[in-house]
Every structure is written in C-alpha cells, then in structure tokens.
Amino acid sequence: MNLALLDPFRRHIPDRIDSTLTVPRALHPFWPQNQSSNVADKEEDEQQPNEIKEKKSSDNIDGDEFDALQSKSTEGEDESDVGKQDKRRDTEQESKSKKRKKDADKQEEEENNNRYWTACYTVSFNQRGTALASAHASGLVPVHDFMSRTMSAVYWPPPPISLSESDTCASLGMKNGLQFSGTFNERSQNKKKSKISQRGDGAASNKQLTYVNGVTSLSWDRHNKTILAGAIGDYNLRLMDNSHPQVSLDCAEAVKREWMTKQSGSATSKDSKEEDKSGISLETPSVYASFDKFDGESVGLELQASSWGRARLLRGDVVTSNTQTNKCLSSSAVLSSSPTSKCSTTTTVNCMRHPTLVLELPRPLGGPTQLHPHHNSTGLACLDDGSLVLFYIPPIAFYETLPASSESSTSAKEAETLDIMKRDESRRVGNIAYLTDPPQSEEDNSSYFITCAAFGKNGEEVYAATKCGSLLVFLTPPSIIQSLQGERRTDINLKVKPSVVFKVPGAAAAWQIVVSRNGKHVLFNSADCALRLYDIDEIFKHDGETNATNIPPRFVFQDTLSRSPWASADFSADGEYVVGGCNSYPQPGDNYNLFMWSTTTGELVDQLKGPHASLYSLSCHPTRSFIAVGSSDGVIDVWGPRVQWTAFA
C-alpha cells in the first residue's frame with residue numbers, strides 16, 4: 001500500500017516560497033516632496049544659460065551633453081581674456097561636480113524613500129481564503145485574488161476632507177467621472193501635522209483631515225464585503241466596501257497607468273485618462289434597506305446609485321447606557337439585495353455611493369483594530385490612552401442621499417420617508433462606546449491600560465492584554481452589540497468588568513493576541529520574546545476570578561538561540577500548528593525566520609529561512625497550507641507545501 005497517497009501534500013506544512021505578490025511602485029501614492037529642495041532646484045536652474053534650460057526642460061541630458069552645452073555657451077566670449085576664461089571654466093567644473101553629487105544624493109534618497117514607502121506592514125486573508133489584502137507604508141491597500149495571484153482591487157488613502165465643529169459628516173465626490181487617486185501627496189507634505197496627530201495634541205475635527213499613512217491593522221468581515229483598516233497614531237478608521245465597482249476600475253486604471261509609464265517613461269496625462277474613462281459604465285443593481293420608525297412602522301428603501309463618491313467622513317458619537325434613543329432612524333437600516341416582505345411600500349432614493357467610510361475616533365489609535373465576527377460594521381479598537389472601545393459604522397452611510405428631483409411625483413408616505421432620509425443625512429454619525437476607561441494615572445489600579453485586544457470565535461468575548469502584563473476576558477453578549485447599534489436600553493451597561501483577570505508569568509506586556517479559528521486556543525505575543533499558548537476552556541474554568549494566578553500557559557514558544565522578539569504570529573487553518581515569524585536580532589535587516597510548533601505536543605516542527613528582508617506581518621490561509629508574509633521590501637512571500645506528484649503515480 002502506498003502510504004503517500006493518504007497524504008500527497010506531505011505533512012501539510014509549508015517548506016518553500018510558492019509565489020510572490022508585488023505591488024508596483026507606480027501604483028503607490030506619490031512620495032511627499034520636500035518644498036525647500038524644490039526651491040533650491042528652481043534657483044539653480046535660473047542661473048543656467050537659456051540653451052541649457054531649454055534642453056533640460058525638453059529632455060533629460062547626460063554628463064557629456066551637459067559639457068557640450070556648457071562649452072557652447074562660452075564661445076561668444078572674449079578669448080583674449082585668459083584669466084576670466086579659466087575662472088569661468090573652474091566655476092563650471094565646480095557646478096557640474098556639485099550637480100552630479102546632488103543628483104547622486106537625490107537618487108539615493110529616492111531609493112531609501114521608495115524602500116520605506118512601499119514596505120508591507122500587514123497582510124490578512126478573508127474568511128474563505130479567496131482574497132489576500134495587504135497594507136503598505138504609503139497607505140495603499142491592494143487586494144489580490146489568491147487563486148489567480150493577481151490584483152483585483154486597490155484602495156488609496158482617502159483625500160483630505162474638511163469637517164467643521166457643527167458638522168457630523170462630510171463627503172467628497174468625484175468630478176469628471178473616475179479620477180485616478182494616486183496623487184494624495186498634498187495631504188502629507190506637512191509632516192508636522194502628522195506628528196501632532198501622533199502625539200495627540202488636539203483633535204483634527206475643525207481642521208482639514210490628515211491621516212497617518214502606514215496602515216498597521218487589517219480585518220475582514222464575515223461575508224468578505226468590507227475591510228477595516230487602521231494606523232497606529234491616526235485619529236481615523238477606514239471601512240472600505242469591497243463590492244464597490246470603483247475599486248476594480250481603479251485597479252484596472254492603475255495597472256494601465258503602470259504599463260503606460262513603462263512604455264513612455266511618464267504617467268498618462270489627465271486628458272488622456274478622461275478620454276479612456278468616457279465609455280465606462282458604472283451601473284449597478286439597486287440595494288434595498290428597511291428600518292423602523294418611532295411608531296413601529298417598517299419603512300422600505302430602494303437605494304439607487306446615480307453618482308459616485310471617493311470617501312465620506314463620519315464623526316464618532318460617544319454613547320453611554322443613559323443615552324437617549326438614536327434620532328437618526330435610518331442608521332439601524334439593514335441592507336439586502338432584495339426587498340423585505342414586511343414593508344408594504346418601497347421608496348426609491350437617489351444616492352451617491354462611496355467606497356470608503358472614515359470614522360473619527362476621540363483619541364488616536366494605539367493598538368490593533370478588528371471587526372466583529374458576525375456584525376460587519378461593528379468592531380473594537382485600542383486607543384493610545386489605554387482605553388478599549390467598541391464602534392459601530394452604519395452600513396447605510398455608504399449611500400449618501402441626494403436631493404430628489406422636483407419633477408418626480410411621490411405620495412405622501414414616500415415624501416415623508418424622503419424627508420426622514422434627508423434629515424438623517426445631516427446628522428449621520430458613528431457610535432463609539434468605551435468598554436474600559438483609560439487609567440487616570442500610572443498609580444491608578446482601578447483601570448487597565450489596554451495594549452491589544454481581539455474578539456473570540458463568535459464575538460461573545462473579548463481577550464485583552466494590559467501594559468502591566470495582565471490578561472483580561474470581557475463578556476460581550478449580543479445585547480451590548482444591539483445597544484451600540486441604536487437600541488438604547490438603560491438596563492444594559494456598556495462598560496463591563498472583566499470576568500477573568502490573571503497575570504502572565506514575568507508580567508510581560510503583549511502586543512498581539514490571536515484566537516484560533518476552531519475557538520480552542522488563544523495565543524499571546526509578549527514583549528519578553530515569548531509566545532504563550534492558553535486553552536480557552538482552561539481560562540473559563542476561572543470565570544469570576546479577578547486575580548487568578550494559577551492559570552499556567554499550555555506551552556511557551558521561544559527562539560532559544562537568538563532570543564529574538566516575535567514580529568508576528570498566527571494559527572494554521574486547523575489550529576494544529578502555531579507559526580511565529582522573527583527577524584535577525586540584535587541587528588535587523590538580514591533574513592527573517594519562520595518557526596512552526598505543534599499545539600498538541602509543543603514540539604518544534606519546522607524552521608524556515610526567508611529572503612533578505614525584514615518580516616512585518618504574517619497570516620495563515622484559513623483552509624489551506626499557505627502562509628503570507630509581508631516584508632520590508634514591499635513583496636508578499638507566499639509559503640506553501642511541496643507537492644509530491646510521484647505519490648499519484
């Protein structure tokens with residue numbers, strides 16, 4: 001009997017790089033230019049002769065052509081004045097050497113910027129494993145089809161949106177059809193604003209919205225329709241619609257722009273881009289929604305996208321248990337692809353559909369963010385002040401209601417529904433609830449400084465880690481989620497106390513929490529260069545204990561040779577293995593390493609050595625034996641098993 005037929009994929013353990021996914025540099029937003037260097041270049045160009053400036057403006061010249069033009073410009077001078085001519089020649093040689101040195105320094109700086117700008121900070125598979133999303137330092141979030149290994153969608157950072165103190169929401173539409181979104185350098189030229197937002201010196205509500213570029217956290221929803229992105233130090237969360245047709249068209253336009261860049265050496269002009277998009281049709285089927293009014297009557301909506309937007313900003317409304325019923329009725333609307341049977345009439349509403357919603361947080365993000373396993377628009381976020389919040393972004397906010405045309409005839413009930421939608425659009429907000437308050441001081445023992453958190457398998461519990469090395473378990477029943485989504489009840493307390501609190505051996509803080517897909521294990525990535533594996537059943541045996549000290553980890557995984565800190569970790573698809581990735585230590589920059597342990601025995605199963613790059617993030621495929629690794633060079637390495645085809649003979 002050929003035993004290899006029982007396991008033709010060997011041990012289902014990746015042992016080589018199966019493929020690599022790349023994002024071309026032309027697709028990233030442009031690197032913000034330094035204004036002072038541009039002024040210096042302009043002053044130097046004004047000092048050059050006219051013939052040289054005309055040649056430089058028409059085409060790039062090399063060193064020989066530059067010398068020829070310089071010598072030609074001095075032919076009309078008086079050759080008898082030898083001293084003046086020698087002085088002029090020395091000045092020209094000095095200027096040429098300075099220019100060459102400046103060009104070399106500028107090229108080196110651009111290479112360093114590109115290396116940093118294109119680095120892949122995090123990767124994440126969707127629930128089915130059909131798509132792989134990655135986030136880069138430039139703020140770009142491309143989505144690759146994992147079966148074909150091709151890019152299927154791309155999300156650029158949202159443009160700057162102004163929001164005054166009196167506004168609750170603001171949106172940005174598109175002019176002249178689809179505009180290529182790769183020129184968001186204007187929002188990043190002033191790096192001081194970004195540093196101020198990172199320090200948390202005041203909110204950005206009444207000013208032009210600025211973003212922190214590097215996306216450090218990605219999360220898919222259950223139905224693979226939306227993606228949540230967040231950056232540490234940023235005041236904003238991005239919820240992106242993966243079903244929006246614009247993201248696919250942007251991807252096609254970006255690939256075309258890259259091809260045109262390679263062919264002509266420069267990007268396509270604005271006029272040519274508008275001509276190419278003149279024949280694009282963006283007609284999509286209508287989306288239906290329903291919500292209940294105060295009298296209990298159900299209202300049906302048919303949302304027709306007649307125009308397209310780029311992004312929409314929502315202010316975060318902090319809610320408590322005593323908050324009155326949400327006056328924005330349509331925020332609790334449920335979207336579907338077909339009309340509901342409980343609504344007798346359906347009102348048609350013309351809308352502007354946005355691919356990205358931006359939620360403004362009360363504090364900058366200080367840790368990971370994640371979507372709820374069963375609610376597409378609900379999630380958690382760790383803020384920089386140590387607090388843990390739950391948020392809700394209404395899905396209907398993707399569709400901004402437009403004014404109805406005066407020619408359309410509507411009934412009294414439809415006119416009332418349109419008035420409700422128009423009134424709700426002016427006060428559309430996202431709901432934010434504090435699960436834990438931030439500590440008032442370092443000596444405050446009544447509060448916890450949360451560094452990272454993650455939902456359980458079904459979202460009914462939240463695992464969190466504190467700065468002092470404590471592990472917390474919060475129970476979040478469906479009633480809390482429903483209250484956050486608009487059903488205000490005074491008998492529900494949104495601020496819950498942890499049901500289990502226990503200390504990690506050594507009191508080491510954790511910066512990553514991973515829950516296995518089968519819901520049996522939870523993994524803590526600690527600052528003491530150790531991965532601690534706990535059994536969830538063992539943790540809940542101590543339910544109600546706020547000072548449990550006798551919960552030892554099932555296994556502790558470490559790199560015993562170099563004691564390197566773990567950059568990222570994840571469970572395999574079936575939860576039988578733990579995969580940890582680390583870089584060379586104490587001098588990073590060499591090859592990264594992948595370690596795989598068995599969750600049953602705790603033994604080291606395999607160790608893999610990666611290419612010359614730094615590992616930032618890894619994610620295991622939810623159904624197959626693949627590992628995606630995001631690295632510092634911007635390349636996504638996909639590790640997979642080597643198939644023994646001779647076993648099928």
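Just so we're clear, the structure is a prediction, and the values are computed from it rather than from any experiment.

Caption draft 1: Structural context of the sheet that holds strand β1 (residues 16-21). If you trace the four strands from one edge of the open sheet to the other, you get β1-β34-β33-β32, paired in antiparallel fashion. Both edges of this open sheet fall to β1 and β32 (615-620), since each of them pairs with a single strand only. The mean angle between the axes of side-by-side strands here comes to 25°, regardless of whether they run parallel or antiparallel. Two strands pair when backbone bridges link them, and strand β33 (residues 627-631) and strand β34 (residues 636-640) are joined in this way by four bridges, in the antiparallel orientation. Counterpart to A628 in the pairing with β34 is V638.

Caption draft 2: Molecular detail of the pattern of salt bridges. Under the defined criterion, the tally for this structure stands at eight salt bridges. With its nearest N and O atoms 2.9 Å apart, the salt bridge here joins D241 to R353. With D241 in strand β9 (residues 236-241) and R353 in strand β13 (residues 346-353), this pair connects stretches of sequence that are 112 residues apart. When the shortest N-O distance is used, the salt bridge between R363 and D384 registers 3.3 Å. Of this pair, R363 sits in the loop between β14 (356-360) and β15 (365-371) while D384 sits in the loop between β16 (378-383) and β17 (388-392), and the two are 21 residues apart along the sequence. D384 sits in the partly exposed class, given a relative accessible area of 24%. Several salt bridges converge on common partners, so that one network encompasses R16, D18 and R149.

Caption draft 3: Structural context of the pairing of strand β20 (residues 450-455). In terms of residue burial, β20 counts as a mostly covered element, since six of its six residues are buried. Here five bridges tie β20 to strand β21 (residues 461-466), and the two strands are oriented antiparallel to one another. Looking at β21, one finds that F455 is bridged to V462. The hairpin formed by β20 and β21 contains five residues between the paired strands, and G459 there has a positive phi angle of roughly 80°.

Caption draft 4: Focus on the side chain of T436. Tracing the sequence through the fold places T436 in strand β19 (residues 429-436). You can call T436 buried: its relative accessible area is 8%. Here the side chain of T436 touches L388 through a polar contact of 3.2 Å, landing on its backbone nitrogen. With residues near it in sequence (within four places) discarded, T436 still touches G386, S387, L388, I450 and F474.

Caption draft 5: Structural view of the nonpolar core. Counting 34 residues, the largest nonpolar core has F291, L301, L303 and F391 as the members making the most contacts within it. At four residues, strand β11 (residues 298-318) tops the list of elements feeding residues into this core. When near neighbours in sequence (up to four residues on either side) are disregarded, L303 contacts S286, V287, A289, L335, V349, C351, I396 and Y399.

Conventions adopted
Within each chain, residue numbers correspond to sequence positions counted from 1 in written order. With the structure being a predicted model, the display of local features is reserved for residues of pLDDT at least 70 and the display and counting of side-chain atom pairs for 80 or more, all residues being used for whole-chain, interface and lining totals. Values reported for side chains reflect all heavy atoms of the structure, with hydrogen atoms and water molecules removed beforehand. When DSSP locates at least two bridges between a pair of strands, those strands are taken to pair. Think of it this way: any DSSP run of H or I at least four residues long counts as a helix, any run of E at least two long counts as a strand, and we number them from the N terminus. Helix axes are fitted to C-alpha atoms over the stretch in contact, other axes to C-alpha atoms as well, and angles between N-to-C directions run from 0 to 180 degrees. Any carboxyl oxygen of Asp or Glu that lies within 4 Å of a side-chain nitrogen of Lys or Arg is treated as forming a salt bridge with it. Exposure classes here rest on a 1.4 Å probe applied to the protein chains alone. A residue is buried below 20% of its type maximum, exposed above 50%, and partly exposed in between. In protein, a polar contact requires one atom able to donate a hydrogen and another able to accept it; more generally it is a pair of N or O atoms within 3.5 Å, and residues adjacent in sequence count only if both atoms are side-chain atoms. Residue contacts are defined here by distance: any two heavy atoms, one from each residue, within 4.5 Å place the two residues in contact. By nonpolar core we mean a set of buried residues, namely Ala, Val, Leu, Ile, Met, Phe, Trp, Tyr and Cys, connected to one another through side-chain atoms within 4.5 Å.

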